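Given next are the chains, with one letter for each unit.
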Amino acid sequence: MLSLQQTSQTISYNGGKTDILKFVLSLFIVAVHFADIAILSPILRCAVPLFFMLSSFFFFKKYDGVVSVKEKNDILLNYIKRNLTLYLFWFVVLLPYTIILRGWLDNALIPGILTVCRSFIFSSTFPASWYIMASIIGTSLIALADRTFNRPVVFVIALLAYAFCCISSNYGNMILSSELWEPLYQDYTAIFTSPYNSFPVSLIWIYIGRYLSKNDETKLSNSFLWLLMALSFLLLYVEYFCIQQLGCSNADDCYFFLLPVCIVVMLLFGKVRFIPVNPFLRKTSTIVFCSHIALGSIIIFTSKLLGIEVGRYLFFLIAVGSVSLSWVILQLDKRIKILRYAY
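These numbers come from a predicted model, not from an experiment. (Residues numbered from 1 in each chain as written. Predicted model: local features only at pLDDT ≥ 70, side-chain atom pairs only at ≥ 80, totals over all residues. Heavy atoms only, no water.)

**What to know about helix H5 (residues 69–93)**
Here is step 1: Over its 25 residues, H5 extends 36 Å from the first C-alpha to the last, a length consistent with the 36 Å expected when each residue adds 1.5 Å.
Here is step 2: At its buried positions, H5 is contacted by helix H4 (47–63), helix H7 (109–122), helix H8 (130–145), helix H15 (279–306) and helix H16 (314–332). (Helix = DSSP H or I, 4+ residues; strand = E, 2+ residues; numbered from the N terminus. Expected span 1.5 Å × (residues − 1). Contact = heavy atoms within 4.5 Å.)

**Notes on a nonpolar patch on the surface**
Here is step 1: A contiguous nonpolar patch, built from Leu231, Leu234, Leu235, Val238, Phe256 and Phe257 and spanning about 480 Å² of accessible area, is present on the exposed surface.
Here is step 2: Assessed through its relative accessible area of 42%, valine 238 is described here as partly exposed. (Patch = residues over 30% accessible without salt bridge, like charges linked within 9 Å, V, L, I, M, F, W, Y side chains within 5 Å. Areas by Shrake-Rupley, 256 points an atom, 1.4 Å probe, with all protein chains shown as cover. Salt bridge = Lys/Arg side-chain N within 4 Å of Asp/Glu carboxyl O. Buried < 20%, exposed > 50% of the residue type's maximum accessible area, 1.4 Å probe, protein only.)

**Quick look at the side chain of threonine 139**
Here is step 1: With respect to the element layout, threonine 139 can be found in helix H8.
Here is step 2: Looking at threonine 139, the relative accessible area reads 2%, which means it is buried.

**Examining the pattern of salt bridges**
Here is step 1: Applying the stated rule across the entire model yields seven salt bridges.
Here is step 2: Within the structure, one salt-bridge network assembled from shared partners comprises Asp64, Asp146, Arg151 and Arg210.

**Some remarks on unusual backbone geometry**
Here is step 1: Positive phi is not limited to glycine here, since aspartate 36 has a value of about 55°.
Here is step 2: The topology assignment puts aspartate 36 in the loop between helix H2 (15–34) and helix H3 (41–44).
Here is step 3: Under the relative-accessibility criterion, aspartate 36 is labelled exposed at 74%.
Here is step 4: Positive phi outside glycine occurs at alanine 128, with the angle close to 75°.
Here is step 5: Its place among the elements puts alanine 128 in the loop between H7 and H8.

**Description of the nonpolar core**
Here is step 1: Within the largest apolar cluster, 90 residues are counted, with the highest numbers of intra-cluster contacts made by Trp90, Tyr162 and Trp205.
Here is step 2: The contact partners of tyrosine 162, leaving out residues within four places of it in the chain, are Val201, Ile204, Trp205, Cys254, Tyr255, Phe256, Leu258 and Leu259. (Core = buried A, V, L, I, M, F, W, Y, C linked by side-chain atoms within 4.5 Å.)

**With respect to the layout of surface pockets**
Here is step 1: The calculated volume of the largest pocket comes to roughly 890 Å³.
Here is step 2: Looking at the largest pocket, it is lined by 30 residues, and the ones nearest its centre are Lys22, Ser55, Arg82, Asn83 and Thr286.
Here is step 3: Looking at which element gives the most residues to the lining of the largest pocket, the answer is H5, with seven residues.
Here is step 4: For the lining of the largest pocket, the class distribution of residues is 13 nonpolar, ten polar and seven charged.
Here is step 5: The volume enclosed by the second largest pocket comes to roughly 530 Å³.
Here is step 6: Along the wall of the second largest pocket there are 29 residues; nearest its centre are Arg45, Trp130, Tyr196, Asn197 and Asp253.
Here is step 7: Of all the elements in the fold, those that place two or more residues in the lining of the second largest pocket are H2, H4, H7 and H15.
Here is step 8: Per element, the largest residue contribution to the lining of the second largest pocket is four residues, and it comes from H4.
Here is step 9: Tallied by class, the residues present in the lining of the second largest pocket amount to 18 nonpolar, seven polar and four charged. (1 Å grid on protein atoms, 1.4 Å probe; cavity = no way out; pocket = protein on both sides within 12 Å on 5 of 7 lines; lining within 4 Å. Points joined across faces, edges and corners; volume = space filled by probe spheres on them. Nonpolar A, V, L, I, M, F, W, Y, C, P; charged D, E, K, R; others polar.)

**Observations concerning the side chain of asparagine 170**
Here is step 1: With respect to the helices, strands and loops of the structure, asparagine 170 is situated in the loop between helix H9 (151–169) and helix H10 (172–176).
Here is step 2: On the accessibility criterion, asparagine 170 (1% relative accessible area) is buried.
Here is step 3: A polar contact is formed between the side chain of asparagine 170 and the backbone oxygen of cysteine 254, at a distance of 2.8 Å.
Here is step 4: Excluding anything up to four places from it in sequence, asparagine 170 contacts Ile243, Cys248, Ser249, Asn250, Ala251, Asp252, Asp253, Cys254 and Tyr255. (Polar contact = N/O pair within 3.5 Å; in protein donor to acceptor, adjacent residues only side chain to side chain.)

**Remarks on the packing of H4 against helix H12 (residues 202–214)**
Here is step 1: Between H4 and H12, the shortest axis-to-axis distance is 7 Å and the interhelical angle comes to 45°. One way to sum up the angle between H4 and H12 is to call them oblique. Here H4 and H12 pass one another in a crossing that is right-handed. The segment H4 lies against H12, with Pro49, Phe52, Met53, Ser56, Phe57, Phe60, Lys61 and Tyr63 engaging Ser202, Trp205, Ile206, Ile208, Gly209, Arg210, Leu212 and Ser213.
Here is step 2: Broken down by class, the residue content of the contact of H4 with H12 amounts to ten nonpolar, four polar and two charged. (Axes fitted to C-alpha atoms, helices over the stretch in contact; angles between N-to-C directions. Parallel < 35°, antiparallel > 145°, perpendicular 65-115°, else oblique. Left-handed = near helix turned anticlockwise from the far one by under 90°.)

**Details of the packing of aromatic side chains**
When we look at a pair of aromatic rings, we describe it by the centre distance and by the angle of the planes.
Here is step 1: Enumeration according to the criterion identifies 22 aromatic pairs in this entry.
Here is step 2: Taken together, a centroid distance of 5.6 Å and an interplanar angle of 85° make the contact between phenylalanine 57 and phenylalanine 58 edge-to-face.
Here is step 3: Look at phenylalanine 58 and you get partly exposed, because its relative accessible area is 31%.
Here is step 4: Between tyrosine 162 and tryptophan 205, the aromatic rings sit 5.3 Å apart at their centres with planes inclined by 80°, giving edge-to-face as the arrangement. Of this pair, tyrosine 162 sits in helix H9 while tryptophan 205 sits in helix H12, and the two are 43 residues apart along the sequence. In this structure, tyrosine 162 and tryptophan 205 share a single accessibility class: buried.
Here is step 5: Three or more aromatic residues link up through ring pairs in this structure, and these residues are Phe51, Phe52, Trp130, Tyr131 and Phe289.
Here is step 6: In this structure, lysine 72 is placed above the aromatic ring of tyrosine 63, and the distance from its NZ or CZ to the ring centre is 4.6 Å. (Phe/Tyr/Trp six-rings, centres within 6.5 Å; stacked < 30°, edge-to-face > 60°. Lys NZ or Arg CZ within 6 Å of the ring centre and 35° of its normal.)

Written out as structure tokens, the structure is:
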């Protein structure tokens, strides 16, 4: 009889693997916003959960690898500082665009400031910025929850938060027409605007990323994992077609069956052989994520101004444009050091 050590395989996410995966996921996110291919939505929606899980995996490898509270706090504070610096860089760079987009100057000064503060914490200032703040808050909550709750309790809370995000997005029209749920939904969205685009949606993915970081061995064979992935995707698409048939979607951000799909994808990807590190792809994925919506708006505005139809080429133009922007930033950051905060 083989021992556990002989039958188990270690899950690892070396830099090269993660660089490639993050780059592909960043293009998925561009496609979510600009490709307009509805049938691919369930697949493309894997991108943000996998970003959360990868970030959580690496963070908790460090965080849970130390014993003292001081070391844990230092690691958490460095994580928060790094992400806030990234946020601040893109907030300043995209501020003129964001002011026009959000209409911040349309209100009086005090309400405008309150709107910015609420958007900073609970939703987005510049487009897609909610992910950065959700990572900060979600990771902090999961890390600090151990000091108050045991982990099964944390898991249940995270799972319930994700269930509510699913219900309020792909099943949102059911809530809006329900006398039972509508008051609760209105109170919730009064704070978060879109619950599925704020930190509650991050909790389950960050929890799972932490779990994988502490349980990085699996006895599941590749063939069995591929079978699980096929079954998970099948169930995900069954959910997708049921939602389409019922017409209950308020937004297509969250699906219940993204949970098994993303877990199996992480397990399979963790068993891929070593891939060389590619810093360009790693840094580019962050720049693409933060810049692509603003760049897309500029391309759409310019094309309309020039009377050029770019609809079918829009995804390609934005993908190439944002990768090119990344290349320019990475060429200049050796001389303009502040550009290093772009990624």
